[in-house]
Amino acid sequence: MNVLRRASRVLVSAVAIGATVLVLNPATASADSHGSAVRSGVAADYKWFTWGDLNVGDCHQTGGHLQLYSDGKLTFSATTWTTFTLSGDIWHSRFKLNNASGQTMYTTGTYNSPTMWPSKHHDYTVQGTFEPSVYHAIARVVQHSEC
């Protein structure tokens, strides 16, 4: 019985420390290290960019897919989940639309996942806009993510 009490105290302490670290030091993915689209292409009326698996702290994204239309509309879809949270996590993404030289032509607003709870995957799609005058110059997209 004494061993169980000690183990439970250690677990409670570890959770409290982990929660403090998450509150005081929110994780942010560095776009330059792993937020660049891994695949891209051009269809008849849009450009598309995809991402492999990304993670920020306990939060994860897979299957990220961005479509940019020549009229300035965009659609982003992904699957997100978290492995640990005390109050629900949200995956926040914004996109830097770059030309072939790497110069940022436009940065989108932030798009949020649904509130995530451990072990539940969330498929979501969001609609947005960007400046259509930069469409033809876009060659690369970098995703900045936070959780």
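In this text, all values refer to a predicted model and were calculated from it rather than measured experimentally.

Undergrad: What is the right way to look at the state of the cysteines in this model?
TA: Disulfide: a covalent bond formed between the sulfur atoms of two cysteine residues. Within this structure, the stated rule accounts for one disulfide. Each sulfur in the disulfide pair C59 and C147 lies 1.8 Å from the other. Of this pair, C59 sits in strand β4 (residues 59-69) while C147 sits in the segment after β10 (140-146), and the two are 88 residues apart along the sequence. Overall, C59 belongs to the buried group, its relative accessible area being 1%. We classify C147 as partly exposed; its relative accessible area is 24%.

Undergrad: Just to check I follow, could you spell out the packing of aromatic side chains for this structure?
TA: How two aromatic rings sit relative to each other is set out by the distance from centre to centre and by the angle between their planes. This structure, assessed with the given rule, holds six aromatic pairs. Between the aromatic rings of W51 and F95, the centroid separation amounts to 5.5 Å while the plane-to-plane angle is 50°, which identifies the pairing as tilted. Here the residue W51 occupies a position in strand β2 (residues 46-51), and F95 occupies one in strand β6 (residues 92-98), the gap between them amounting to 44 residues. Residue W51 is classed as buried on the basis of its relative accessible area of 3%. An angle of 75° between the planes, with centres 6.3 Å apart, marks the rings of F76 and Y124 as edge-to-face. You can see F76 sitting in strand β5 (residues 73-82) and its partner Y124 sitting in strand β9 (residues 122-129), a full 48 residues away along the chain. The pair formed by F76 and Y124 is uniform in burial state, with each residue classed as buried. Three or more aromatic residues link up through ring pairs in this structure, and these residues are W51, F76, F95, Y111 and Y124. The ring of Y135 has K47 lying over it, and the distance from NZ or CZ to the ring centre is 4.9 Å.

Undergrad: Can you help me understand unusual backbone geometry in this one?
TA: The phi angle of most residues is negative, glycine excepted, and most peptide bonds adopt the trans form. Its identity as a non-glycine residue notwithstanding, S119 has a phi of 70°, on the positive side. Position of S119 relative to the elements: it lies in the loop between β8 (111-112) and β9. Relative accessible area serves as the criterion here: at 68%, S119 is assigned to the exposed category.

Undergrad: Could you clarify how one ought to interpret the nonpolar core in this entry?
TA: If you look at soluble globular proteins, the nonpolar side chains tend to sit buried side by side. Core analysis: the biggest nonpolar cluster contains 22 residues, and L68 and V141 have the highest contact counts within it. For this core, the secondary-structure elements that each account for two or more residues are β2, β3 (54-56), β4, β5, β6 and β9. Ignoring anything within four residues of it in the chain, the contact list for V141 reads G35, S36, A37, F49, W51, L66, L68, F95, K96 and L97.

How each quantity is defined
Residues numbered from 1 in each chain as written. Predicted model: local features only at pLDDT ≥ 70, side-chain atom pairs only at ≥ 80, totals over all residues. Heavy atoms only, no water. Disulfide = S-S within 2.5 Å. Helix = DSSP H or I, 4+ residues; strand = E, 2+ residues; numbered from the N terminus. Buried < 20%, exposed > 50% of the residue type's maximum accessible area, 1.4 Å probe, protein only. Phe/Tyr/Trp six-rings, centres within 6.5 Å; stacked < 30°, edge-to-face > 60°. Lys NZ or Arg CZ within 6 Å of the ring centre and 35° of its normal. Core = buried A, V, L, I, M, F, W, Y, C linked by side-chain atoms within 4.5 Å. Contact = heavy atoms within 4.5 Å.

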